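# Chain and residue survey
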Amino acid sequence: IARIVIGRLWHDRKKFDPFPTTLQGVHERLLAYRGWGPFMAYQAVVDMRFTRLLGNAPDRETWACMGPGTRRGLNRLSGRPVDAPLSQEEGLKEILAVYHHPDRPSDIPIDLSDCPNVLCEVDKYLRVKLGEGKTRSRYSPSTDLNRGSSS
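Residues numbered from 1 in each chain as written. Predicted model: local features only at pLDDT ≥ 70, side-chain atom pairs only at ≥ 80, totals over all residues. Heavy atoms only, no water.

## Quick word on the pattern of salt bridges
- Applying the stated criterion across every chain yields a total of 10 salt bridges.
- The shortest N-O distance in the salt bridge between Asp111 and Arg49 comes to 2.2 Å. Placement of Asp111 in the loop between helix 5 (88–99) and helix 6 (114–129) and of Arg49 in the loop between helix 3 (38–48) and helix 4 (68–78) is noted, with a sequence separation of 62 residues between them. Each member of the pair, Asp111 together with Arg49, is buried.
- In this structure, the salt-bridge partner of Asp123 is Arg127, at a minimum N-O distance of 3.0 Å. (Salt bridge = Lys/Arg side-chain N within 4 Å of Asp/Glu carboxyl O. Helix = DSSP H or I, 4+ residues; strand = E, 2+ residues; numbered from the N terminus. Buried < 20%, exposed > 50% of the residue type's maximum accessible area, 1.4 Å probe, protein only.)

## Quick look at the packing of helix 2 (residues 23–31) against helix 3
- The contact between helix 2 and helix 3 brings their axes to 9 Å, and the two run at 140 degrees. Between helix 2 and helix 3, the interaxial angle falls into the category oblique. Taken as a pair, helix 2 and helix 3 cross one another with a handedness that is right-handed. Here helix 2 contributes Leu23, Val26, His27, Leu30 and Leu31 to the contact with helix 3, which in turn contributes Pro38, Ala41, Tyr42, Ala44, Val45 and Met48.
- Partitioning the contact of helix 2 with helix 3 into residue classes produces 10 nonpolar, 1 polar and no charged. (Axes fitted to C-alpha atoms, helices over the stretch in contact; angles between N-to-C directions. Parallel < 35°, antiparallel > 145°, perpendicular 65-115°, else oblique. Left-handed = near helix turned anticlockwise from the far one by under 90°. Contact = heavy atoms within 4.5 Å. Nonpolar A, V, L, I, M, F, W, Y, C, P; charged D, E, K, R; others polar.)

## A word on unusual backbone geometry
- Following Asp17, the chain continues to Pro18 via a peptide bond in cis, the omega torsion being 5 degrees.
- Assignment of secondary structure puts Pro18 in the loop between helix 1 (2–11) and helix 2.

## Notes on the nonpolar core
- Membership of the largest hydrophobic core comes to 28 residues, with the highest contact counts inside it found for Leu30, Trp36, Leu54 and Ile95.
- Among the elements of the structure, helix 1, helix 2, helix 3, helix 5 and helix 6 are those that each provide at least two residues to this core.
- Top element by residues in this core is helix 3. It accounts for 6 residues.
- Discounting residues that sit within four places of it in the chain, Leu30 has contacts with Leu9, Phe16, Trp36, Ala41, Ala44, Val45 and Met48. (Core = buried A, V, L, I, M, F, W, Y, C linked by side-chain atoms within 4.5 Å.)

Rendered as structure tokens:
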């Protein structure tokens, strides 16, 4: 991974000059590289929003990438079948509607990139609650509380 996925980016770093100025532009550039799928590229872009690279990107509040969990979350929210197809363009419109919804609590500081993550987490929760899937791991207070202890 270090050599191929990240190493290729380092090798091609001059191709990023000038660095794209939008989240979507960086996302598209990363997708051209081996090992960079939509989810991984979006997570990297979201992290770059907190750096000088994309801290002032003009699409910070207008663009987000929809992964499969986000799509399922939007479908659940809209009453569509969970696995109904949804294009990135339509998904983005719906993500923006959720983000700008007038009933969203205003005292909770979130930005647009939080919406796809929340929709994905809601989908995971509902899959387990509705018996549509299983968790990857189970919480066990007796073992989880002892993680990281030096005894």
